[in-house]
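Each chain, written out:
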Amino acid sequence: MAAISITHTRADGTLITDSVKGDGVWEIVRSHGFRPFRSIGALGIPRSRDKEADTWRINRAKQALEAAGHEVTVEIKEEVRRTFAEAEADRVERAEDRAERFSDRAGRAAASADARRAKADHISKRFEFGQPILVGHHSERRARRDQERIHTNMRKSFEERDRAGYLANRAEAAENYEKHRNDPMRTLRRLERLRADLRAHERHNGDATEGRHARAIQDLREEITYWEELIEKAKADGVKVWGPDDFAPGDFVLARRSWYEVARVNPKTLSIAWNLRLAPMAVMTAEDATFNGRVSTHSADYTQVQARCPGEAMRAFLADGKVPGTKSAREASEATPADVVRAAQAEAKKARSKPKKRRTDPKIPKRVRLECRLGATEATVTFLNGNSQPHKDHEPVTLTAPDGEKYHQATWSRNLQKQLAELLAERGYGVSGEWKRCRSAGWGEAAAIEPVLTTPAVPATPNGSAEEDQGEQGAPEPGSAVNCENSSKFTPDLVGTHCTGKWVPTKVDLVKPPSHPRGKAMAATTKTTTRKSAAPAKKTAEPTKVSKRREAIAENAAATAEAVKTVLKRVPVDRVDADPNQPRKHFDEAKLNELAGSMARIGQQQPVSVRYNAATRRYTLIMGERRWRAAKIAGLTELDAVVQHGIQDGDRTIRMKAVAENVGRADMTPMEEAQGFQGLVDDGYTLEEVAEGVGKSTAYVGWRLDLLKLCPNAQEAMSKGHLPPALAWYVSKLSTDNQTRFLAKYMRGGFSSTRDAEAFVNACRAEEERRASQGSFFVLADETTTPKPGGEQDALPGAHDVPDEEREAIAADRQKLVKKVDKLSTAGEILSEIVAMDADQLALLLAGTGGGVGGYRQRIEHLRDLTTKAIKNLRDAQAVAAVRAGAIEINPEATAN
C-alpha cells in the first residue's frame, strides 16, 4: 500500500499527485467525483479551482482509501489563491486552446465522412439502376459483401458527418467565449446578480473577518471591481450603456426587435406599452395597449435596449408611413434629448390648472355590493357610499330565488342578474362599472352605480301606423318585447335594462365593453343614456389620449347612430318583402319544412333583421329570409324583427351584411358566393374590403369572382354539382367556345379522373396563350363539325410546330427513352414476385441481408415516390399531347383574342 496525499488550494484545485496508473487509486475515488487529468498527470475534482474545498467529497475519498489500506494525508490551504483577473485570463486561454483542438478534430471528422461516402459510391457503381442480387449466381457472394460494405461506409459517413457538426459547434462556441463573456450587456446583468449576492453576504455575514464568508465577500468584491472596469472600458470605446437618465415617459424604445412606447421610467427597468394580442408589432403605442381606460405594461431591462426615439419624432415617422431604424432614431434622439423632454413635461404639468373637485350628492349611493354563496337561495344587496361603507339611507335588500331554483355561479346567476337589474331600475340606478371582489367585506363583489334617466314610451296605435310614421322614436310596446336573456343574440346595436321582464331599449355610449370576464354578463345594464327625444344626456368628460383612428371611428359611429334608428318589435309577416339583392337564390325545401315545423311548435328563436320603408310603409328583409319563408309555411302572422329606420334603398352596407351572413353557410353554392362578391365590387368595395367584411382571404374572393367567367352551361353544371368548383376555376380560364366543348367531353366521361381533366384544361390554356401570341387560336377538335382529313394522329404530337431539322433528333431521343421505359417490365416482375410471397417467407429471406427488410422497404418506397412523380409528369404530357395532336383544330385566319 502507498502513502496518498490529497491537497487543495484555490489556485490549483483538489488534486491527488501521489498516484500512478494501475495502482488502483482511481478505481476507489472515481465514485467520489475524482477524474484523471492527463495534462498534469494527476487525479482531481473537475471545476474545483478558485473555489472553496469540497470537504465532504475529500473526506469520503479519504475514508475509502484508508479502508483499502492506504495512508492518506489531507492538506487544505484556502489562502493560496489567484486573482480573478488571472483566473479569467486562464479561462480565455483555455478557450482558445479548445477552439483550436475542436476545429482540428472537426476537420478530420469531415474528411473521414467524405472518404467513407466516396468509398460507398465507388462500390455502388457495380449496381447500376438498382440491380438486384442474383440468387444462385456466382456473383451472389461478392454482391452481398459489397452491399454490406456500402451500408457500413454510408453509416460511418453519416456518423462522422454528425460528429463533425458537433465538434464544429464546440469550436465556434470556444472561439466566441471571450466575446460573449465580455459583452457589455451580459456583463451588466452579471453585475446585478453579483451585487445582489454581495448584499446578501454582507447583510448576514458582514462582520466576519475570516472564514469562508469573509473569503466569499472578498471574492465578490474583486469580481465586481473587475467587471466594472470592463464596463468603463467599453464606455470609453463608445459602447452606449442605457439608464433611466436616457428616457422620458412618452419616448419609444427599441427592444426585442420592436418599438414600444415608454409608460414609466424606473431605476432598473422601463415600463413599456404591451398588448399580447397584438404582439409582435413594428411599433406599439400606448393606444394599442389601452383597454378599458388602462394602459397595459410590461417591463424591459435597460440591457435589452437597442435605441431610443422621442415620441414626437416617432409619430412623424408613422405619419409618413415609415418605421425608423437605429440610425434615424439616434439622430432624432440627439436632436431631442430625454432631459429636454422631461423639462417640457414638467412645465406643461405646472401650467395645467388643478381641476376643481366635483362635489357629489352624499344621499346618492356610489356602489352596490352583492353577496351570494354558490348554490344559495338568497342573496344580499347592500348600497355603499363613497367610502365603500353601507349607506345609511338605503337598507340592505334580500333577494330570493324563484321556487325550485338556486343561484348558480356565485354572483353571476342569470336569475340573480335579472332580479338585481329590476331592483336597481325600480330605484332609478344602473351599473356603470366592472364587478370586483370587495376586499373590505371579505366576501361578495361590488360595482359602481349611477342614476339612469329612462325615456317614456310612446303609446302605439292599434295598427302601428302612427308609430311607423314618426320613425318609431318611442320605445316599443311593452307586450311586444322578448325575453332579456336572449337579447344578446339580436344585434350589437341594442342594449337595454331589465324591467319587470320586459325589454326597454336604450342608446349605448360609444365606449368599449368591460374587460372583466364576468362583467360581460352585466354589459346590458352598463353605460346607458337617453335618446334625443328625452331629456338632455348627462355630460361626460372628454377622453384623453385618443388616437386619430379612434376619433374617426367614434365620429362615424355617432353619425350612423344619428341617421339610423334601430328598434325591436313584432311585424306582420305579410308586410315583409324579400330582399331583391339576396345573394342566396336556392333554398332547400326539405330543410325549410323542418324549420317551419320547429317554429310552429316552439315559436321563433331568433329575430330577423329588416329595414322600414316610410314611403311604402313596408319592411324589406336584411337578414333571415329562411326564417321568413319558414314562418309563412308555418302560418305565423307575426315575426320578431330588428327594425332599422333611415336606411335608403341601395345602401351598400346592407348588401355587405347579407353577403357576410350567407357566405359561410354550407347550402350556399359557389356561384351564389361569386355573384354576391361581384355585387359588392359593383357597389365600390375593393377585393381587400370584401375579403375583410366576409371573413375570407383576398385570394378566395378572387377565385370566386373568376367563376363568373364560366359559360352558362358550365355555371349550371357547377350549381348542380356535376362540375367540381376547383376544376371549374381552371375551366374559367379557357375561351367560351372551348369551355363548352370541354364540358361536353367531360360529361361524356372522356377523362379517367379529375386530375386528368385538370391537366387537360391547363394544357388547353397554355396552347391558347401560345396561339394568341402567334395571331391564331384553336378549338377542341372532338366537337368540331369538320374533322381532320384522314382522322389519324401525327407521328409527332404538335408536329406542325416542329421544324424539319429537329425531327431526327426527336426520333433518336424517343428511341432511347422508350428503351429505358421498357426496362420497367423487369421491375414489375420483381414487384409481382414480392407481392406473391408470404410475409414470413420474406422475413426469412431478407432478415440476414445488409440493411435487412427495412432497407429493401425503403428502396421500394423510394421507387414509389418516384413513380408518383412520374405519373403526374406523364399525365401532364398526355394532356399536352392530346391538345397539340388530335384534339385541336387550328384556324390560322382568325385573330387572337
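Each helix and strand counted, the protein chain has 27 helices and 29 strands in total. Looking at the protein chain residue by residue over its 897 residues, the buried ones come to 35%. Intrachain contacts of the protein chain at a sequence separation of at least 6 include 65% that bridge at least 24 residues. Split by element, the accessible area of the protein chain, about 54100 Å² in all, is 51% carbon and sulfur.

The next point concerns the packing of helix α3 (residues 84-124) against helix α7 (residues 212-236). One can describe the packing of α3 onto α7 by two numbers: an axis separation of 9 Å at closest approach and a directional angle of 65°. Counted together, Phe84, Ala85 and Glu88 of α3 and Glu222, Glu223, Tyr226 and Trp227 of α7 form the full contact between these two elements. Residues of the contact of α3 with α7, tallied by class, amount to four nonpolar, no polar and three charged.

With that out of the way, let us pick up a nonpolar patch on the surface. Together, Ile830, Leu831, Ile834 and Ile860 line one region of the surface with nonpolar side chains, adding up to about 270 Å² of accessible area. The biggest single contributor to the nonpolar patch is helix α25 (residues 824-836), with three residues.

To continue, consider the sheet that holds strand β2 (residues 13-16). Working definition: the strands of a sheet are paired by backbone hydrogen bonds and lie parallel or antiparallel to each other. Ordered by their spatial adjacency, five strands build an open sheet running β3-β4-β2-β1-β5, and the pairing between neighbours is mixed. Edge positions in the sheet fall to β3 (35-37) and β5 (71-77), since each has one partner strand and no second. Neighbour-to-neighbour, the strand axes of this sheet turn through a mean angle of 30°, independent of strand direction. Across seven bridges, the pairing between strand β1 (residues 3-9) and β5 is parallel. Among the inter-strand pairings, Thr9 is bridged to a residue of β5, identified as Lys77. The sheet strands contacting helix α2 (residues 55-67) are β1, β2 and β5, and the helix crosses β5 at an angle near 165°.

Looking now at the confidence of the model for the protein chain. Low pLDDT marks regions whose predicted coordinates should not be analysed in detail. Here the protein chain averages 76 in pLDDT, and 76% of its residues register 70 or above. Ignoring residues within four places in sequence, the model shows residues 782-800, a span with pLDDT below 50, making 28 contacts including any to other chains. Throughout residues 886-897 the model reports pLDDT below 50, and contacts reaching past four residues in sequence, or to other chains, amount to 38 contacts.

Further remarks concern a negative patch on the surface. Residues Glu93, Glu96, Asp97, Glu100, Asp104 and Glu178 make up a contiguous surface patch of negative charge. Ranked by residue count, the leading element in the negative patch is α3, at five residues. By secondary structure assignment, the location of Asp104 is in helix α3.

Using the criterion set out here, one finds 33 salt bridges in the structure. Its salt-bridge partner being Asp219, residue Arg81 comes within 3.1 Å of it at the nearest N-O pair. Taken together, the positions of Arg81 in the loop between β5 and α3 and Asp219 in helix α7 put the pair 138 residues apart, joining distant regions of the chain. Looking at Arg81, the relative accessible area reads 29%, which means it is partly exposed. By sharing partners, the salt bridges in this structure join Arg49, Asp50, Arg82, Glu88, Asp90, Arg91, Arg94 and Arg181 into a single network.

Time to look at the side chain of Asp288. Turning to its location among the elements, Asp288 is positioned in the loop between β9 (283-284) and β10 (290-291). Here Thr285 takes part through its side chain, which lies 3.0 Å from a polar atom of the side chain of Asp288.

Our next topic: helix α17 (residues 670-682). With 13 residues, α17 should reach 18 Å at 1.5 Å per residue; the first-to-last C-alpha distance of 18 Å fits that figure. All of the buried residues along α17 are Pro670, Met671, Glu672, Glu673, Ala674, Gly676, Phe677, Gly679 and Leu680. With its phi angle positive at about 110°, Gly684 sits one or two positions after the end of α17.

With that settled, the discussion passes to unusual backbone geometry. For the peptide bond that leads from Ala279 to Pro280, omega is -5°, which places it in the cis range. In this fold, Pro280 is placed in the loop between β8 (269-273) and β9. Despite not being glycine, Arg47 shows a phi value in the positive range, around 55°. Position of Arg47 among the secondary structure elements: in the loop between β4 (42-44) and α2. The phi dihedral of Asp50 falls on the positive side, at around 60°, and the residue is not glycine. Position of Asp50 among the secondary structure elements: in the loop between β4 and α2. When its relative accessible area of 23% is taken as the criterion, Asp50 is described as partly exposed.

A separate point is the packing of aromatic side chains. All told, the structure shown has seven aromatic pairs when counted by the stated rule. Taken together, a centroid distance of 5.5 Å and an interplanar angle of 40° make the contact between Trp242 and Phe247 tilted. Owing to a relative accessible area of 17%, Trp242 belongs among the buried residues under this scheme. Here Tyr612 and Tyr619 contribute two aromatic rings whose centre-to-centre distance is 5.2 Å and whose plane-to-plane angle is 50°, an arrangement assigned as tilted. You'll find Tyr612 and Tyr619 in the same group, each marked buried. Members of the aromatic cluster, connected to one another through ring pairs, are Phe84, Tyr226 and Trp227. Positioned above the aromatic ring of Trp227 is the side chain of Arg190, whose terminal nitrogen or guanidinium carbon lies 4.4 Å from the ring centre. The residue whose ring lies beneath Lys240 is Trp242, and the NZ or CZ to ring-centre distance is 5.1 Å.

With four bridges connecting them, strand β14 (residues 367-371) and strand β19 (residues 445-451) associate as antiparallel partners. Bridging from a neighbouring strand, Arg369 pairs with Ala446 of β19. One ladder, built from three bridges, connects strand β17 (residues 429-431) with β19; its direction is antiparallel. Among the inter-strand pairings, Val431 is bridged to a residue of β19, identified as Ile449. In this sheet, β19 lies alongside strand β18 (residues 436-437) in antiparallel orientation, the contact comprising two bridges. Directly across from Lys436, in β19, lies its bridge partner Ala446.

Quick look at a positive patch on the surface now. A cluster of like positive charges, contributed by Arg116, Lys119, Arg155 and Lys156, occupies part of the molecular surface. Looking at the positive patch, the elements that each hand over two or more residues are α3 and α4 (140-175). Among the structural elements, Arg116 can be located in helix α3.

Topologically, Gly676 is positioned in helix α17. Considering only alpha carbons, one finds Gly676 and Arg704, 28 residues apart in sequence, at a separation of 9.7 Å.

With that out of the way, let us pick up the side chain of Glu88. With respect to the helices and strands, Glu88 occurs in helix α3. Of the residues examined, Glu88 reaches a relative accessible area of 1% and is grouped as buried. A polar contact of 2.9 Å, which involves the side chain of Glu88, links it to the side chain of Arg91. Residues in contact with Glu88, not counting those within four places in the same chain, are Tyr177, Arg181, Tyr226 and Trp227.

A separate point is the packing of helix α6 (residues 184-205) against α7. Following both chains from N to C, one finds α6 and α7 inclined at 155°, their axes separated by 9 Å at the closest point. Between α6 and α7, the angle falls in the class roughly antiparallel. You can see that α6 and α7 cross each other, and the crossing is left-handed. Seen from α6, the contacting residues are Pro184, Thr187, Leu188, Arg190, Leu191, Leu194, Arg195, Asp197, Leu198, His201, Glu202 and Asn205; seen from α7, they are His213, Ala216, Ile217, Leu220, Arg221, Glu223, Ile224, Trp227, Glu228, Leu230, Ile231 and Ala234. When grouped by side-chain class, the residues that make up the contact of α6 with α7 number 13 nonpolar, four polar and seven charged.

Cut-offs applied
- Residues numbered from 1 in each chain as written.
- Predicted model: local features only at pLDDT ≥ 70, side-chain atom pairs only at ≥ 80, totals over all residues.
- Heavy atoms only, no water.
- Helix = DSSP H or I, 4+ residues; strand = E, 2+ residues; numbered from the N terminus.
- Buried < 20%, exposed > 50% of the residue type's maximum accessible area, 1.4 Å probe, protein only.
- Contact = heavy atoms within 4.5 Å.
- Areas by Shrake-Rupley, 256 points an atom, 1.4 Å probe, with all protein chains shown as cover.
- Axes fitted to C-alpha atoms, helices over the stretch in contact; angles between N-to-C directions.
- Nonpolar A, V, L, I, M, F, W, Y, C, P; charged D, E, K, R; others polar.
- Patch = residues over 30% accessible without salt bridge, like charges linked within 9 Å, V, L, I, M, F, W, Y side chains within 5 Å.
- Salt bridge = Lys/Arg side-chain N within 4 Å of Asp/Glu carboxyl O.
- Pairing = 2+ DSSP bridges.
- pLDDT = per-residue confidence, 0-100.
- Lys, Arg positive; Asp, Glu negative; His and termini not counted.
- Charge placed at Lys NZ, Arg CZ, Asp CG, Glu CD.
- Polar contact = N/O pair within 3.5 Å; in protein donor to acceptor, adjacent residues only side chain to side chain.
- Expected span 1.5 Å × (residues − 1).
- Phe/Tyr/Trp six-rings, centres within 6.5 Å; stacked < 30°, edge-to-face > 60°.
- Lys NZ or Arg CZ within 6 Å of the ring centre and 35° of its normal.
- Parallel < 35°, antiparallel > 145°, perpendicular 65-115°, else oblique.
- Left-handed = near helix turned anticlockwise from the far one by under 90°.

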